[in-house]
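Spelled out from the first residue to the last, the chains are:
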Amino acid sequence: EEDESDDEDDGPTSSSRKNNRRPYPGWFQHSLDKALAQLEKDRATLSGVSQAYSSGTFWLPRRCNFFNLNHSNICPQDLFIPAFFVWDPAAIMSTGIPCPSCNLRLTRDGVVKRPRRIVDIDDTFWIIGYSYACRSCKLKLRSWDSRVLKKLSRPLAAEFPARLTWRSGISTRALGVVRSCIQNGMGAHQVADMFRMQHLRRYDELRVCYLHTKVSCMNLPTETYEPFPAFDDKSEKGFHGFVPSGQWFRDVYDAFVECFKHVFNQHTAMLSALVCAIDHSHKLAKHIFKLDGVSIFTALLTVTNEKGEIRVCVFVATKSHSQFEEALKKMSESLHLYGHEQPVVFYTDNMSDKPMLESIFDSLLQSVVAVEKHSNLPKFMIPSDTVTTTVLDSTSAIDNALQAIMSDLHSGSGRLAVGFDSEWNVEVSQHGHVTGRGSTAVVQIAYKDQIFILLIGEMLATKRLPLQLLNFLRDGRILKAGRLVNGDLRQLEAACDLPRNSFVGGLELGAFAKERFLISSATISLADLTARILGKCLPKNVAERIS
C-alpha cells in the first residue's frame, strides 16, 4: 500500500516515495490531527509525558461506537474511529535510551507525522512513534526501530504490540494466530482468507449497527441518510478496508522464522543420531526459485535420527556425494562436541552411499558382522573326509605336486581341467578400506580330490617361479577354470616380467555359463554363480579375505 510510511527517511529515493503516497481520507486525517495535537500539548507540560502514559496505558482513548451512534444525523464516518498506540519509550525511561552506535543518551526529536498501520485479527490500528537523535554521532532513529527495542528492558519491549514490515506490520497476537495456522497445515492463502473473513465480519457489524440506528430515526424531519461505503472503498469518505495477501502473510512468517535461524541450528546440532536414515526428496525443490525456468536445486537431502527428528537438511543441485558430504562431517563434529555417540546404523536406498558414510563415521565399521549373500541357501563346504588340502611353500614341493598333475595330461586324452584362483596382498586404511593392491601371494589349484595352496609371495619378490609351475601356466591344454581367471594370469605375468599371454588356458566361468544359457550376465560374481548353478551359498567372509 502506498499510504504507509517507510521504516527510514534516509536514502536517495525517500522523497519520491513520500510524494507517491496516497493521502489519508478526511475522517482519518481528522482523528490523526486531533491525536497529534494532544501529544504536542502533553509534551509541552512539565512532565512531558502523554496523558495515556499517566493513565497507565499506551493507547489513546477512543469512544465506543454505541456513544457515537447516540446523536442525530450520524454518518458512516462517525463509526470509523481509528485506534492509536503511542510508542515513546524514552519518555518513561528515567535513565534514557543509549545510542546503539556510541552508547550516549538519545534525545527526543518530535513525533513521526505518519503512523504505522498494523494489521490485527479483525481490525487495523496505528502506531504513533517518535524520532530519536544522538547529538554525538548524529544518528537518527524512530522509536519502533529494532535497534531501539533491543536497548529496552524486557518488560517494556514486550509492550510493543507489533512486528513491523517495510511499511506496515502485523500485531503480535495476529502473528500468533498465523504461526498456529501454518504450523498446523494451513496455507498462507487460507490464512489470508481467514483474516479477510474476520475483517469483513467486523465491517458488517458496523454497517448493521449504522442501518439499525438510521431505521429508528427515519421519522425525524431533519434526518438524512448516507449510504454505508463498501469495505474496499478508497474514496475520500470510503471505509479503506485492508487485508494483506497470502504472500504477505507468508513473507511475514518466513521473516519471523528466519530470526531464530541460529536457535534452530543450535537445537539441531544438539540432537542425537544413533540410528539414522538418509534420503533425497524432490517435492520441495520444485517450489524453490528457478533461474531461466531451470531449478537451481534438484532435491532436498534429509538425515533423520532414531526419534524421527531432522538432523541434517540440505538443498542439493545433484545427488553427488560432494553436495552433502561436508554437512555430514559437520554432523559428526557436533555429535562429538555435545557428547553423543556416533551413528551405528545408517538406512539408505542407495548402496553407493556406503563407502562415503563409512569414511565419515568410523562407528559404522565397528563390531560389524557381514551377512553373507544367499545365506538362505545351504553353505558350500569342502568335504574334509574326501578332499585333502595341502599347503606348499618350497620350490621342490610345488614342482613335485604340479608334475604329478601334468603326468595325467600325458597318460589321458591330452586335456585336463583344474580349479584356479589367486590371492594378493592389499593395502588397508585405518577405516578398513582397501586403498591399493600388491603382487600375488597365494595360488590355489584344485584337481580331483586335492587342493594345493601355493605360497609364492617370496618367490615373486625375486620375479621367479618354480619351473613346473611355469610349465603348468604356459600349457594351454590345462584348462584353468575360475572367475576372472585371466586377470589372475595377467597379474602373474606382470610379476614375472613375462610378455602378455605367456600364461594361457584360462576358462572364464561367467562367460562359460552364459554361452550355455545358464545365466544372463557374464559379469556375475562367483557367489551368485554358485547360488544359481549349485544352489549353494559360497561364504565370502570379508574379515578373512581382507586381513
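Being a predicted model, the structure only gives us computed values, none of them experimental. (Residues numbered from 1 in each chain as written. Predicted model: local features only at pLDDT ≥ 70, side-chain atom pairs only at ≥ 80, totals over all residues. Heavy atoms only, no water.)

### Describing a nonpolar patch on the surface
Taken together, the side chains of Leu274, Val344, Val345 and Tyr347 present a nonpolar region at the surface, about 330 Å² in accessible area. The residue leucine 274 is located in the loop between α10 (261–269) and β8 (275–281) in this model. (Patch = residues over 30% accessible without salt bridge, like charges linked within 9 Å, V, L, I, M, F, W, Y side chains within 5 Å. Areas by Shrake-Rupley, 256 points an atom, 1.4 Å probe, with all protein chains shown as cover. Salt bridge = Lys/Arg side-chain N within 4 Å of Asp/Glu carboxyl O. Helix = DSSP H or I, 4+ residues; strand = E, 2+ residues; numbered from the N terminus.)

### Examining the pairing of strand β3 (residues 116–119)
Burial of the side chains of β3 extends over both faces: Arg116 and Ile118 are buried on one face and Arg117 and Val119 on the other. Here β3 runs beside strand β4 (residues 124–133); their pairing, made up of 4 bridges, is antiparallel. Residue arginine 117 lies in a different strand from β4, and its bridge partner there is tryptophan 126. In sequence, β3 turns back onto β4 through a hairpin of 4 residues. (Buried < 20%, exposed > 50% of the residue type's maximum accessible area, 1.4 Å probe, protein only. Pairing = 2+ DSSP bridges.)

### Observations regarding the packing of aromatic side chains
On inspection of all chains with the given rule, the structure shows 27 aromatic pairs. Centre to centre, the rings of phenylalanine 58 and phenylalanine 85 are 5.5 Å apart; their planes meet at 25°, and the pair counts as stacked. Taken together, the positions of phenylalanine 58 in the loop between α3 (51–54) and α4 (65–68) and phenylalanine 85 in strand β1 (residues 83–87) put the pair 27 residues apart, joining distant regions of the chain. By relative accessible area, phenylalanine 85 is classed as buried at 2%. A network of ring pairs unites the aromatic residues Tyr24, Trp27, Phe28, Phe80, Phe84, Trp126, Tyr203, Tyr210, Tyr225, Phe228, Phe231 and Phe239 as a single cluster. The ring centre of tyrosine 130 lies 5.3 Å from the NZ or CZ of arginine 108, which sits over that ring. (Phe/Tyr/Trp six-rings, centres within 6.5 Å; stacked < 30°, edge-to-face > 60°. Lys NZ or Arg CZ within 6 Å of the ring centre and 35° of its normal.)

### What to know about helix α12 (residues 353–360)
Of the residues making up α12, those classed as buried are Asp353, Met356, Leu357, Glu358 and Ile360. Along its buried surface, α12 packs onto β8, α11 (325–337) and β13 (345–347). (Contact = heavy atoms within 4.5 Å.)

### Section: the sheet that holds β13
Spatial strand order, β12-β11-β8-β13: 4 strands in an open sheet with mixed pairing. Across the chains shown, the open sheet's two edge strands, defined by having one partner strand only, are β12 (310–316) and β13. Each adjacent strand pair in this sheet contributes to an overall mean axis angle of 15°, direction not counted. Direction of pairing for β8 relative to β13: parallel, over a ladder of 3 bridges. Residue pairing in the sheet places cysteine 276 in a bridge with phenylalanine 346 of β13. (Axes fitted to C-alpha atoms, helices over the stretch in contact; angles between N-to-C directions.)

### Considering the environment of valine 49
Note that valine 49 resides in the loop between α2 (26–43) and α3. Distance in space between the C-alpha atoms of valine 49 and alanine 90 is 9.8 Å, their sequence separation being 41 residues. Every residue in contact with valine 49, bar those within four places of it in the chain, is listed here: Asp42, Ser54, Ala91 and Ile92.

### Let's talk about the environment of phenylalanine 195
Following the sequence through the fold, phenylalanine 195 ends up in helix α8 (residues 188–216). A relative accessible area of 1% means that phenylalanine 195 is categorised as buried. Phenylalanine 195 sits 13 residues away from valine 208 along the chain, and the two C-alpha atoms are 20 Å apart.

### Some details on the pattern of salt bridges
What the rule picks out here adds up to 15 salt bridges. Close ionic contact of arginine 477 with aspartate 475 constitutes a salt bridge, the shortest N to O distance being 3.1 Å. One salt bridge in this structure joins arginine 490 and glutamate 493, with 2.7 Å as the shortest N-O distance. Taken as a pair, arginine 490 and glutamate 493 lie in helix α16 (residues 485–495) at a separation of 3 residues, close to a single helical turn. The structure contains a network of salt bridges with shared partners spanning Asp122, Arg201 and Glu205.

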